[in-house]
Amino acid sequence: MRFYFHIVDKYGLTPDGTGCEYADQDTAVLHAQRIAAELAKAGEFCRSGVVLLAAVPGPSSSPGEGATDPTAKA
């Protein structure tokens, strides 16, 4: 399954247009935690940002193909 790691901070949304393939959600969550830890080392991220994990079910697709717009409001 392809997972996307969008960054949301005080500046807004930085979408992940590439994503990564992982066998399961638990592994993707660990990767998101590593991303957040690295960003926290850089400064303010620790209290003002999040890593938004989004999954696209089914076979791998090209970036943007089959993915939903992460900025869309429900």
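You'll find the structure just up there.
Residues numbered from 1 in each chain as written. Predicted model: local features only at pLDDT ≥ 70, side-chain atom pairs only at ≥ 80, totals over all residues. Heavy atoms only, no water.

> What am I meant to see in the overall build of the chain here?
From N to C terminus, the chain includes two helices and four strands. Its helices and strands taken in sequence order, the chain reads β-β-β-α-α-β from the N to the C terminus. Within the chain, the proportion of its 74 residues that are buried is 23%. Look at the contacts in the chain between residues 6 or more apart in sequence, and 56% of them connect residues 24 or more apart. Element-wise, carbon and sulfur atoms account for 57% of the exposed surface of the chain, whose accessible area totals about 5100 Å². (Helix = DSSP H or I, 4+ residues; strand = E, 2+ residues; numbered from the N terminus. Buried < 20%, exposed > 50% of the residue type's maximum accessible area, 1.4 Å probe, protein only. Contact = heavy atoms within 4.5 Å. Areas by Shrake-Rupley, 256 points an atom, 1.4 Å probe, with all protein chains shown as cover.)

> How should the environment of Ser48 be read in this particular structure?
Here Ser48 shows up in helix α2 (residues 45–48). In this structure, the C-alpha to C-alpha distance between Ser48 and Asp9, residues 39 residues apart in sequence, is 5.7 Å. Not counting residues within four places of it along the chain, the set of residues in contact with Ser48 comprises Val8, Asp9 and Lys10.

> I tried to follow the side chain of Asp16 on my own but got confused; where do I start?
Locating Asp16 in the fold gives a position in the loop between β2 (12–14) and β3 (20–21). Although buried, Asp16 forms no salt bridge, and the nearest oppositely charged side chain, Arg2, lies 7.1 Å from it. Within the structure, Asp16 has its side chain in polar contact with the backbone nitrogen of Phe5 (distance 2.9 Å). Residues within four places of Asp16 in sequence aside, it is in contact with Phe3, Tyr4, Phe5 and His6. (Lys, Arg positive; Asp, Glu negative; His and termini not counted. Salt bridge = Lys/Arg side-chain N within 4 Å of Asp/Glu carboxyl O. Polar contact = N/O pair within 3.5 Å; in protein donor to acceptor, adjacent residues only side chain to side chain.)

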